[in-house]
Structures are given as C-alpha cells and as structure tokens.
Amino acid sequence: MISKYLVAFVSYAYSNNAVLQTNNLQECPRARLSRHHGENSLAKSASFISATHLSSGNHQVKSNHNAVSKSNPCIEDLAKSFSISPIDLISVELHKGERGIFLQRSIKKDDPILRIPLSSCIRDDCPPSWYSKGPIENDDNPHHYNPSEWVSRIAASLIDLELNLTTDTTAYKAKKQWLKMMPDPKCLRASLPIHWPEEMVSKAKCTALEISTDSSFFTRAAAVTNISERLRSIEKIDEYLEEKKIDIERLCSNTLDLVQTRSCRVERIDGIQLCPPLRVIAPIFDFINHGSSQYDGDGSANAFFGLEGEGFEQELVVRAKKDVGKGQQVLIDYGDSARPPWRCLANYGFVPNYRILGSDDEACDGVDECVAEVFYNGCRYEVSSHTIPTELVEAANVAFLEEEEGARAFEMTMDPETTSDIFPSEVALRLAKRISDAAFDLVIDHPEDNYDSKNMSEAESIEAELAKALRWSQHQVLLACALGLRDYAARKIQ
C-alpha cells in the first residue's frame, strides 16, 4: 500500500518536489547523545538531552548559549594565550544581540579559520584527579573509564577550573579568563526547557518537546548526583563551598548546562584504527553560532571542523566550506541535534530560523529540518511545508470512506479511477482544514498564554519568549503545508 501512495502522490504532487514520508512519526523521535556533521561525521553534541530560522535569518530568538557575558576581553590576547591561530583573521562581535565570530578578511574554500591545539581544550578524557578518585570508582580498577560519563567528566573539569582546585593545568590563566566569557548562568538556565516549570513547557504546545523534557529530567538528576558526590570526596570542600556561599547542586547543574550547549564531538583515528570519539569544549570555537547546511544562502553554514595532525600536535581546525567574504559571520551546522526547531530548543536553548522550503526548493541532504506536529484521530504526525507521512494519508482516507454513505461510497468503490486514487482531492481538503485549524490554534489567544512581561522576572520572560517562538515556527510550517494541500486539490480537480 505504501508504494501505491507514493506513486499516486508523486503523480499529483501539490508541490513540484513533494514526496510522502514513509517513516512512522506517530512516536516522538529521540536524539542520540551526539549528532554528526554532514561532511565530516562531526557535530555539536546534544549532551544528555533526549530529544531545536523561519526565514533564512530574520526571526531567531536570542541564542542564550552565546549571549553576551559581563566580561569580553580582547580576542587576540585570548588566542595568543591558547596558541590559537591565525589570530588576526577573526573577531568576536555582536549581531542582533548575539555574540558570534566574524571574519576580518575574505577567505577561500577550505582555508583554515581557526587552529586550536587540542591541549588547550577541555576534554572528556582528562578529568581532574578528584573526579577519577571519587567514591564511585571501583577500587579494584582505579583506571576505570566509562565512555558514557563523558558529560560528567567535562563538567568536573569546568568545576575544577571554577573553584581553582587545580592550578597547574595548561593555560590555566587563559582558561579562567575564557570562563568569565561564558553566558550568564541564570539566562542560560532559563533558555533550556529541562529547567522550565511544567506549565511553561505546556505553553510551547509541542508534544515532542514535553516528552523530551520529561525523559531527560532523571538523566540530568543522576549526573548532578554523580558529580556532587565525587566533589564532596575532596577534603574540606564543604567548608570551602559554605564559605563562598556556593550551592553544590546548583553549581553542578549550571555547569552541565554549559557542557550541554557548548561541547562538540570529534572522531579520532590512531593510524588506521578508529578510536572512541572525543568530546571537548574548545576556546573561541564555542562562540561559533549555528547555521543550516540543508540550504545555501544567508544564514546557512559556511564552515566545518575536524581534528588534524597526530599525537600531541593534534588541533581542532575550522575550515571554510565555501568562499566567505569579509565581515561575514562564521557559522557551522550543529547537526541533527539542532533540528527540527523543538530539538534545537531542547538541546541548545534557542529556536532557529530555518527556511521553510518552497515548491522549487530542495534540501541539500534531502532532510527537511523545518517540520511541525499535527494530531489526527489521536495519533501524532510530523509534516513539512510540502511533505506529509503516508500514515496520515491512510488515516484520512479511512475516515473519509467511513463517513461517506450510500451512492457516493458505492460510486467510489465501482469507479476504477477513483479506486486507484488513494489521495482524492476531498481527502486533501479535509487534511488542509485540519492542519489549518492546528496552525491557528498555536497562535490564537488563550487565557493561559497572556502574560505581562513587566511583571515577570528575566528568566520567566526568556522562557515565555522561547515558547512563543516555537509555536510561531510550528504555525508557519503548518500554514505552508495546508496551502500546499489546497493547491494540490485545486489542480487535481482541474
């Protein structure tokens, strides 16, 4: 039956490149711990969240994972301290209230933008001694290494740096200066739905986001417990934290937010042997913002990254994906952990302005990253501006035939042309009506959505704006899909 749907729908495509999605989307997909960059099997990692511009760059809600911090020292001094090169090619600038990396001069495709020594990065394979020797380690195996704990290991390194527990590490002073450039923890916390109150998550009106947030809660709690227990194994640490008025659980949680939004995964090869992937937080590199690689043009990714060199000479290198002009912002694709928009919000704390593809557009990798959810007869489906799943068509056809009575139903079963038409115009119009209703339900005024920003805290305001942005993103996708279905039905009737 699926092949018939494909043939029928391609024949009467409501856009020039419309296809039916064959995967069942009634269940919420789950994101892996890390996602791969299209060209290099590298990605910004999503951390431990289970899993989210409308046009190509005009509506992106402020990305709090790269929001402006209180300290912004000279980028050249920071680069020199970390032995990062070239130091005169880039600058850190503000664009629409968001910090990013911009080019000081034009470069050609494949030219290096940043070379960051791996030794200058915070790595998951070099945790502080107090974490490795904590009470949870097995005494029979003091060198035990659990790859699944990479999030906690990086977080432990950041905490070690924050509390000045180890001061003899590589570029210690530079790392402390870099740490001051991190986003404000309260704003970053407010941007991540895992910390939102239940009523705020529900205001986003996205079931996938709700499931993602629920499923990630206990994983985050376990990570906080793991790190705090190991940290408490340090002699007199409780007295130190009490003196500094530091809440250990909140410290661990805030640090995990940084790991979630700023770490990346790179593949390592030792000779011809593929080693376990390495997760790092790299200075200056972590200021690079997200751009989609699924389309070309304004707001799309123009750079990629990977490990180069061998042994102690290894570097994290960012290269131009295409010719990039002076003054342009450097953008990399964070990978599948940043699409669709709800997953980007869950993982990174912002709603991207993905371009809604038109009838003549086609995603570079065949992946439509701007999708929205719609419910039909109690089941959840995901649609894009020009694609709908076969299961949704099947459900709509069944409902249509069940509602038809008498002569009309008999006529449809006896007419060979009607029988072979598994997506009749009547069904397309019904789906368009259902999807339009869902679209307007996302933006129509509801009593629970009314709020006065003047009477809200900064965190509450950030949460409300992000929830509204996600609803608006879904609204536009659903409207485009409904319009396409109506156009399909009209052309078919003709």
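The model shown is predicted, which means the values in this text are computed figures rather than measured ones.

Novice: Would you mind showing me how to read a nonpolar patch on the surface here?
Specialist: Taken together, Phe440, Val443, Trp472 and Leu479 make up a surface patch of nonpolar side chains, about 330 Å² in accessible area. Taken together, the elements giving at least two residues each to the nonpolar patch come down to helix 15 (425-443) and helix 16 (458-493). Counting through the fold element by element, tryptophan 472 comes out in helix 16.

Novice: When you look at the packing of helix 8 (residues 207-231) against helix 11 (residues 341-348) in this model, what are you seeing that I'm missing?
Specialist: Packed helix pairs are specified by the crossing angle of their axes together with the interaxial distance, meaning the distance between the axes. Where helix 8 meets helix 11, the closest approach of the two axes is 9 Å, and the angle between their N-to-C directions is 30°. In this view, helix 8 runs roughly parallel relative to helix 11, as classed from their interaxial angle. Of the two possible hands of crossing, helix 8 and helix 11 adopt the one that is right-handed. Contacts between helix 8 and helix 11 pair Ala208, Leu209 and Ser212 from the former with Trp342, Leu345 and Ala346 from the latter.

Novice: Help me understand the packing of helix 4 (residues 150-162) against helix 5 (residues 172-180), please; the structure alone is not making it clear to me.
Specialist: For the pair helix 4 and helix 5, interaxial distance at closest approach is 10 Å and the crossing angle is 100°. In terms of their interaxial angle, helix 4 and helix 5 are classed as roughly perpendicular. Seen from helix 4, the contacting residues are Leu158, Leu161 and Glu162; seen from helix 5, they are Tyr172, Lys175, Lys176 and Leu179. The class makeup of the residues in the contact of helix 4 with helix 5 is four nonpolar, no polar and three charged.

Novice: Is there a simple way to think about the nonpolar core in this case?
Specialist: As a rule of thumb, soluble globular proteins bury nonpolar side chains together. Judged by nonpolar contacts, the single largest core of 102 residues is most densely connected at Ile113, Phe285 and Phe423. Val351, Ile462, Ala464 and Ala469 belong to the second-largest nonpolar core, a separate cluster that totals 20 residues.

Calculation rules
Counting from 1, residues in each chain are numbered in the order their sequence is written. Totals for whole chains, interfaces and linings use all residues, but because this is a predicted model, local features are given only for residues with pLDDT of at least 70 and pairs of side-chain atoms are given and counted only at 80 or more. Excluding hydrogens and water, the side-chain figures rest on all heavy atoms present in the structure. Here the term patch refers to residues with relative accessible area over 30% and no salt bridge, with like charges joined within 9 Å and nonpolar side chains (Val, Leu, Ile, Met, Phe, Trp, Tyr) within 5 Å. Note that accessible areas follow from Shrake-Rupley with a 1.4 Å probe, and for residues the cover is restricted to the protein chains shown. Any Lys or Arg side-chain nitrogen found within 4 Å of a carboxyl oxygen on Asp or Glu counts as a salt bridge. Think of it this way: any DSSP run of H or I at least four residues long counts as a helix, any run of E at least two long counts as a strand, and we number them from the N terminus. Each axis is a line fitted through C-alpha atoms, and for a helix only the stretch in contact is used; angles between axes span 0 to 180 degrees, taken between their N-to-C directions. For this classification, under 35 degrees means roughly parallel, over 145 means roughly antiparallel, 65 to 115 means roughly perpendicular, and everything else is oblique. The sense of a crossing depends on the near helix, which, turned anticlockwise from the far helix by less than a right angle, makes the crossing left-handed and, turned clockwise, makes it right-handed. Only heavy atoms enter the contact rule, under which two residues are in contact if any of them lie within 4.5 Å. Polarity classes work like this: nonpolar for Ala, Val, Leu, Ile, Met, Phe, Trp, Tyr, Cys and Pro, charged for Asp, Glu, Lys and Arg, and polar for all others, with Gly in that last group. What makes a nonpolar core is a set of buried Ala, Val, Leu, Ile, Met, Phe, Trp, Tyr and Cys residues whose side-chain atoms join them at distances within 4.5 Å. Burial classes follow relative accessibility: with a 1.4 Å probe on protein chains only, a residue under 20% of its type's maximum area counts as buried, one over 50% as exposed, and anything between as partly exposed.

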